[in-house]
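Residues per chain are reported as follows:
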Amino acid sequence: MADNSLAIAPVFSLGPLDITSTVVTSWVITAALALFGWLVSRRLQPDPGPLQTAIEGIVLAIEDAVTEVAPQYVSQLLPFVGSLWIFLVIANLVGLVPGFNSPTRDLSATAALASLVFLSTHWFGIRIRGFRGYLRHYLTPSPILLPFNLISEITRTVALAVRLFGNMMSLEMAALLILMVAGFLAPVPILMLHIIEALVQAYIFGMLALIYVAGGIQSQH
Amino acid sequence: MELSWSTFILEIINFLVLVWVLKHFFYRPVLDVITRRRREVEKTMTDAKALEEQAEQLKQQYEGRVAEWKEERQQARDALSRELETERTRRLKVLQQELEQTRARAQATEESRLAVATRAIEASALEQGARFATRILEQAAGPELESRLIDLFLDQLSQLPDEKLEGLRRQQASEPTRISVITAYPVPEQLRTSLTQSLMAVSGADQPPDFETNPDLIAGIEVTLGAWKLAANVRDELKGFRGFEHHV
């Protein structure tokens, strides 16, 4: 996990599956979030303390964002979109911790998340509008646009994966190059830029995912 | 930049697990707490609104009661004013009646006092007049005055009403008595004869009268015929004058 190179080497193998540092870090993040969520949910009080207030603020911010885009489907979309935002913020920032690499610097991870967004768009669209109703939106506003709609589905998913991967990988590469060229403390400004970029990329990915899913649900509304 | 299918699949599974875990152990409890708090806030707001409405109703009731109290107070004040005015009018009327009665009593008392004083003055004047007349007549009286009084007596005697004359005659017929003639001075003979004839003619007596003198008469004549007494003298006139004083 403490590998400073950009290569994603398997840490160990589990049968036919190669377990890379990306997967291990994702497991750690998932375990940490699950433990944190479990601990927090046990200590929720009607009169909230500072930590609970912050947590409720985060959840309400996510809920408000979903409400602004798809006000009728908040309860269905909030877990998926909120998890994307929370996971990506932590996954983007975890690279700043010595010994950890951001899972989002791995195209396999960002492709997996983008694929989930692609599948979720169809899942929520078919679940809410029905199979025929959902497929009909590919023919709108004109059946002539069907090929373009199909291409758009693929390209935006690829763009979603590559955008996040490229930004996070380039940030780490720039920091590594500056460290190699200039010395120990020189990459600090780049690391500060890393924080902003990590938050911005997480927001962009989650918001685009929300818009795609909401678009699949509400294209005819 | 190679795409690792192992990583791809494991990341998908990992994220789905994360979504499930966060949905059940994070979002749902937190949203439940927020929902409960919102309900409590809404309930508190509803209760506060209900309390506010209740307070508004109480305020309106209070203002209504205050207005009613003010109206009742005004009515009571008006009633008291009317009662005071009525009582004042009644007492003023009673006072005026008492004042009128007192004034009437005072006026009656004053009139009585004036009447008494007037009577006293009149009585005193009559008394003084009687005394004066008595003194004058006592000094001025004499046979001439007596002769004129006897003439006057004779004239009056001749003018007596018939019923009186009839009464005298009936008495004299049923109970014959002597006629007594009293004068202050001795009666001259001629006048005595005229008197005798006139008295006997009037009374129907068959006896001549008895003549006497009494200086108390001052001047004049007094004739007694049984129960009848005929007089024309100064003493009786002065007595009548004094009697008029008592009559007044």
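Per an unreviewed UniProt entry, chain B carries the name ATP synthase subunit b and comes from Marinobacter santoriniensis NKSG1. What UniProt records for chain B under Sequence similarities (unreviewed entry) is the sentence "Belongs to the ATPase B chain family."

Chain A is annotated in an unreviewed UniProt entry as ATP synthase subunit a from Marinobacter santoriniensis NKSG1. Quoted verbatim from the Sequence similarities (unreviewed entry) field of UniProt, the annotation for chain A is "Belongs to the ATPase A chain family." Taken verbatim from the UniProt record of chain A, the Function (unreviewed entry) comment is "Key component of the proton channel; it plays a direct role in the translocation of protons across the membrane."

Visitor: Looking at this model, I keep getting lost on the UniProt feature "transmembrane region" (unreviewed entry) in chain A. Mind explaining?
Guide: Residues and elements named next belong to chain A. Mapped onto this numbering, the UniProt entry gives "transmembrane region" (unreviewed entry) at residues 19-40, 77-101, 107-126, 173-192 and 198-217. Along residues 107-126 the backbone is 100% helical and 0% strand, and the end-to-end C-alpha distance reaches 28 Å. With 75% helix and 0% strand, the stretch residues 173-192 has end C-alpha atoms that lie 14 Å from each other.

Visitor: Is there a simple way to explain the UniProt feature "coiled-coil region" (unreviewed entry) in chain B in this structure?
Guide: In the numbering used here, UniProt assigns the feature "coiled-coil region" (unreviewed entry) to residues 34-112 of chain B. Secondary structure content for residues 34-112 of chain B is 100% helix and 0% strand, while the C-alpha to C-alpha distance between its ends is 112 Å.

Visitor: Quick question: what am I supposed to make of the packing of helix α3 (residues 74-93) of chain A against helix α7 (residues 188-218) of chain A here?
Guide: Axis angle and axis distance: for two packed helices, these are the angle between their axes and the distance between the axes, and together they describe the pair. Residues and elements named next belong to chain A. Contact geometry of α3 with α7 gives a least axis separation of 8 Å together with a crossing angle of 160°. By the angle class used here, α3 and α7 are roughly antiparallel. The element α3 and its partner α7 pack so that their crossing is right-handed. Taken together, the residues that form the contact of α3 with α7 break down as 18 nonpolar, four polar and no charged.

Visitor: Sorry if this is basic, but what is going on with the environment of His194 of chain A here?
Guide: Residues and elements named next belong to chain A. Counting through the fold element by element, His194 comes out in helix α7. Expressed as a C-alpha distance, the spacing of His194 and Ser170, which sit 24 residues apart in the sequence, is 10.0 Å. In contact with His194, other than residues within four places in its own chain, are Asn92, Leu96, Ser102, Met168, Leu171 and Glu172.

Visitor: Is there a simple way to explain helix α6 (residues 146-182) of chain A in this structure?
Guide: Because an α-helix completes one turn every 3.6 residues, residues spaced three or four positions apart along the sequence face the same direction. All names here are of chain A. Taking 1.5 Å per residue, 37 residues should reach 54 Å; α6 reaches 52 Å between its end C-alpha atoms and fits that length. Considered for burial, the residues of α6 that qualify are Glu153, Arg156, Thr157, Leu160, Ala161, Leu164, Phe165, Met168, Met169, Leu171, Glu172 and Ala175. Backbone geometry just downstream of α6 places Gly183 in the positive-phi region, at approximately 130°.

Visitor: Which parts of the structure should I look at to understand the pairing of strand β3 (residues 220-225) of chain B?
Guide: Side-chain positions along a regular strand alternate between the two faces of the sheet. Residue and element names in this part refer to chain B. Most of β3 sits out of view: five of its six residues are buried. Pairing of β3 with strand β4 (residues 228-233) involves six bridges; the strand directions are antiparallel. Pairing of Glu222 across the sheet is with Ala231, part of β4. Connecting the antiparallel pair β3 and β4 is a turn made up of two residues, with Gly226 showing a positive phi of about 65°.

So, how was this worked out
Residues numbered from 1 in each chain as written. Chains lettered and ligands numbered in written order. Predicted model: local features only at pLDDT ≥ 70, side-chain atom pairs only at ≥ 80, totals over all residues. Heavy atoms only, no water. UniProt positions renumbered as here; feature names shortened; annotations may be inferred. Helix = DSSP H or I, 4+ residues; strand = E, 2+ residues; numbered from the N terminus. Axes fitted to C-alpha atoms, helices over the stretch in contact; angles between N-to-C directions. Parallel < 35°, antiparallel > 145°, perpendicular 65-115°, else oblique. Left-handed = near helix turned anticlockwise from the far one by under 90°. Nonpolar A, V, L, I, M, F, W, Y, C, P; charged D, E, K, R; others polar. Contact = heavy atoms within 4.5 Å. Expected span 1.5 Å × (residues − 1). Buried < 20%, exposed > 50% of the residue type's maximum accessible area, 1.4 Å probe, protein only. Pairing = 2+ DSSP bridges.

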